[in-house]
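Residue-level structural notes
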Amino acid sequence: MSGKNWEAAVIGGGLVGISIGYGLARLGRRVIVLDEGDRAFRASRGNFALVWVQGKGVGMPRYAGWTRHSAGIWARFAREIGEDSAIAVAHRQPGGFALCLSEAELERRVAMMEGLMSQPGMEPYEYERVGPNELRRRMPEIGPEVVGAIYCALDGDVNSLRLFRALHTGFIKRGGTYAPGRAVAGIAPVAGGGFEIAAGDGTVAAERVVLAAGIGNARLAPMVGLRAEVRPQRGQVIVTEKAAPFLSYPLHTIRQTDEGGVMIGDSVEEIGAEEIGAEDAGAEDGRVGLGILAVEAERAGRMFPRIGRLNVVRTWSALRVMTRDGFPIYDQSAEHRGAFLCTCHSGVTLAAAHALTVAPMIAAGALEAGLSPFSARRFDVSAAA
Ligand SMILES: Cc1cc2nc3c(=O)[nH]c(=O)nc-3n(C[C@H](O)[C@H](O)[C@H](O)COP(=O)(O)OP(=O)(O)OC[C@H]3O[C@@H](n4cnc5c(N)ncnc54)[C@H](O)[C@@H]3O)c2cc1C
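To keep things clear, this report deals only with the structure shown in the data block. (Residues numbered from 1 in each chain as written. Predicted model: local features only at pLDDT ≥ 70, side-chain atom pairs only at ≥ 80, totals over all residues. Heavy atoms only, no water.)

**Comments concerning the overall build of the chain**
When helices and strands are counted, the chain shows 10 helices and 18 strands. The C-alpha atoms of the chain give 21 Å as radius of gyration, which agrees with the globular expectation for 385 residues (21 Å, within 12%). For the C-alpha atoms alone, the extent of the chain along its principal axes is close to 65 × 45 × 45 Å. When burial is assessed residue by residue, the chain has 55% of its 385 residues classed as buried. Looking at the chain as shown, the accessible area adds up to about 15700 Å², and 54% of this sits on carbon and sulfur atoms. Looking at charge distribution, the chain has the averaged site of its 42 positive side-chain charges lying 4 Å from that of its 42 negative ones. (Helix = DSSP H or I, 4+ residues; strand = E, 2+ residues; numbered from the N terminus. Rg over C-alpha atoms; globule rule 2.2 N^0.38 Å. Buried < 20%, exposed > 50% of the residue type's maximum accessible area, 1.4 Å probe, protein only. Areas by Shrake-Rupley, 256 points an atom, 1.4 Å probe, with all protein chains shown as cover. Lys, Arg positive; Asp, Glu negative; His and termini not counted. Charge placed at Lys NZ, Arg CZ, Asp CG, Glu CD.)

**What about the sheet that holds strand β6 (residues 148–152)?**
Spatial strand order, β4-β6-β5: three strands in an open sheet with antiparallel pairing. Whereas interior strands pair on both sides, the edge strands pair on one side only; in this sheet they are β4 (96–100) and β5 (128–130). Each strand axis lies, on average, 25° off the axis of its neighbour in the sheet, ignoring direction. Direction of pairing for β5 relative to β6: antiparallel, over a ladder of three bridges. Considered in β6, the bridge of valine 130 is made with alanine 149. (Pairing = 2+ DSSP bridges. Axes fitted to C-alpha atoms, helices over the stretch in contact; angles between N-to-C directions.)

**Here's the deal with the nonpolar core**
Of all hydrophobic cores here, the largest spans 65 residues; its most connected members are Ile20, Leu24, Trp66, Trp74, Phe77 and Tyr330. Of the residues forming this core, the biggest block, 10 residues, is contributed by helix α9 (residues 351–364). Counting only domains with at least three residues in this core, you end up with domain 1 (5–50 + 161–229 + 325–380) and domain 2 (96–153). Residues contacting isoleucine 20, with those up to four places away along its chain left out, are Val210, Cys342, His354, Val358, Ala359 and Ile362. (Core = buried A, V, L, I, M, F, W, Y, C linked by side-chain atoms within 4.5 Å. Domains from an automatic or database assignment. Contact = heavy atoms within 4.5 Å.)

**Some words on the layout of surface pockets**
There is about 380 Å³ of room inside the second largest pocket. Lining the second largest pocket are 21 residues, with Asn159, Leu161, Thr257, Glu259 and Met263 positioned closest to its centre. Split into classes, the residues belonging to the lining of the second largest pocket amount to six nonpolar, eight polar and seven charged. In terms of domain composition, the lining of the second largest pocket takes at least three residues from each of domain 1 (5–50 + 161–229 + 325–380) and domain 3 (230–323). (1 Å grid on protein atoms, 1.4 Å probe; cavity = no way out; pocket = protein on both sides within 12 Å on 5 of 7 lines; lining within 4 Å. Points joined across faces, edges and corners; volume = space filled by probe spheres on them. Nonpolar A, V, L, I, M, F, W, Y, C, P; charged D, E, K, R; others polar.)

**Focus: the state of the cysteines**
Tallied over the full model, the rule gives zero disulfides. No disulfide involves cysteine 344; its sulfur sits 8.6 Å from the nearest other cysteine sulfur, which is in cysteine 342. (Disulfide = S-S within 2.5 Å.)

**Comments concerning the packing of aromatic side chains**
Taken as a whole and assessed by the stated rule, the structure comprises 10 aromatic pairs. An angle of 90° between the planes, with centres 5.4 Å apart, marks the rings of tyrosine 330 and phenylalanine 374 as edge-to-face. Placement of tyrosine 330 in strand β17 (residues 329–332) and of phenylalanine 374 in the loop between α9 and α10 (378–384) is noted, with a sequence separation of 44 residues between them. Here the two residues tyrosine 330 and phenylalanine 374 agree in accessibility, since each one is buried. Aromatic rings pair up to connect Tyr22, Trp74 and Phe77 into one cluster. In this structure, arginine 138 packs its charged tip against the face of tyrosine 151, placed 5.2 Å from the ring centre. (Phe/Tyr/Trp six-rings, centres within 6.5 Å; stacked < 30°, edge-to-face > 60°. Lys NZ or Arg CZ within 6 Å of the ring centre and 35° of its normal.)

**Looking at the pattern of salt bridges**
The tally for this structure, following the rule as stated, stands at 22 salt bridges. Here aspartate 258 makes a salt bridge to arginine 162, at a shortest N to O gap of 2.5 Å. Residue aspartate 258 is located in the loop between β13 (254–256) and β14 (261–264), and its partner arginine 162 is located in helix α5 (residues 160–173); the two are separated by 96 residues in the primary sequence. The class for aspartate 258 is partly exposed, based on a relative accessible area of 42%. Put simply, arginine 227 and glutamate 229 hold a salt bridge, and the shortest N to O gap is 3.5 Å. Classification of arginine 227 as partly exposed rests on a relative accessible area of 30%. Linked through salt bridges whose partners overlap, the residues forming this network are Glu128, Glu134, Arg137 and Arg138. (Salt bridge = Lys/Arg side-chain N within 4 Å of Asp/Glu carboxyl O.)

Right, dumping it as structure tokens:
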């Protein structure tokens with residue numbers, strides 16, 4: 001593995017890294033994914049599995065368009081990864097609901113959607129305000145306290161753990177090399193092009209390097225003239241015992257998986273970086289707080305009384321990878337053109353775009369202009385304003 005000259009080395013084998021790695025391998029590139037050990041922080045194993053469009057892009061219309069682009073090619077992506085890996089990822093796109101338990105909550109959500117659509121540069125899409133009677137027709141088991149919802153036909157979900165496995169399997173089937181236990185400590189640009197990467201107890205030489213290390217990107221980016229100010233943001237999820245199918249749509253806080261369990265989530269909690277000190281490495285799945293979980297469970301039970309009667313079988317928390325403004329960063333180093341950086345907090349939704357749109361750009365050697373609003377240079381502009 002060391003000594004071989006790779007066309008691309010992807011650092012990080014989470015959803016973002018493996019999606020890009022898979023996309024590069026599909027194109028026949030010689031690519032290696034360097035990943036940390038199993039005790040690493042991994043958002044990819046703890047997420048809520050939505051392929052979600054509605055509400056995204058307040059403050060950055062381009063992000064709304066990018067999310068829509070990914071959701072639009074997700075069905076093709078699911079088919080292709082299914083063929084490559086022989087794993088069905090259970091993608092569906094029946095549209096999704098955001099349910100509200102009070103008029104005030106519904107009005108806030110409607111105002112948010114109206115504000116999103118009226119932004120300059122926004123390409124509006126259709127969504128529906130649905131009243132309680134119509135909701136009951138579409139979801140007969142809904143509770144009496146639900147006052148209404150927003151429905152958007154673009155929303156869907158997937159079996160996220162199977163997706164993760166399918167991407168790893170498909171990557172290898174397509175000729176990619178996955179190297180676990182190879183934490184990257186340093187990246188040295190080589191005069192004349194390429195990079196020497198110190199990974200585990202060896203070095204790897206590659207023409208291109210893709211930083212997709214989640215929270216780890218913050219430390220790696222400056223080594224190649226990039227920056228990624230990302231912080232961990234905790235989310236907590238509850239899973240119930242399996243139940244007969246009763247929910248044929250994903251909701252933004254409740255979904256019934258293809259295997260029958262009901263997932264309830266997912267909170268948004270700011271935690272300081274100091275909370276995940278070295279002694280906690282790998283412990284992200286261990287920290288759950290009963291206060292937050294109780295609120296999630298109580299709301300879910302009011303939305304669907306049947307959920308209140310199900311046994312909880314598991315809870316966990318995991319850390320989202322969050323930028324300062326919440327939008328992704330896609331960047332290419334001005335100093336070292338072969339170095340790229342990708343980070344986002346919706347790696348399930350954007351997996352299709354990462355594999356089928358971003359990876360071909362990296363293979364071609366340049367991010368296209370359409371991605372320039374996502375450069376970290378936007379933070380210089382807002383700092384100067
Ligand atoms: C509770 C919760 C719910 C979510 N729900 C959704 C959802 O419904 N829909 C959606 O689209 N997204 C959702 N997400 C977000 C999604 O899970 C993340 O966007 C995605 O997992 C991020 O993937 P990543 O590869 O950037 O990071 P990670 O999964 O954290 O992976 C980073 C990888 O990089 C490796 N690494 C780090 N440093 C180094 C290094 N120095 N050398 C080598 N390897 C390194 C790590 O070992 C790890 O494998 C949710 C996240 C959470 C936490």
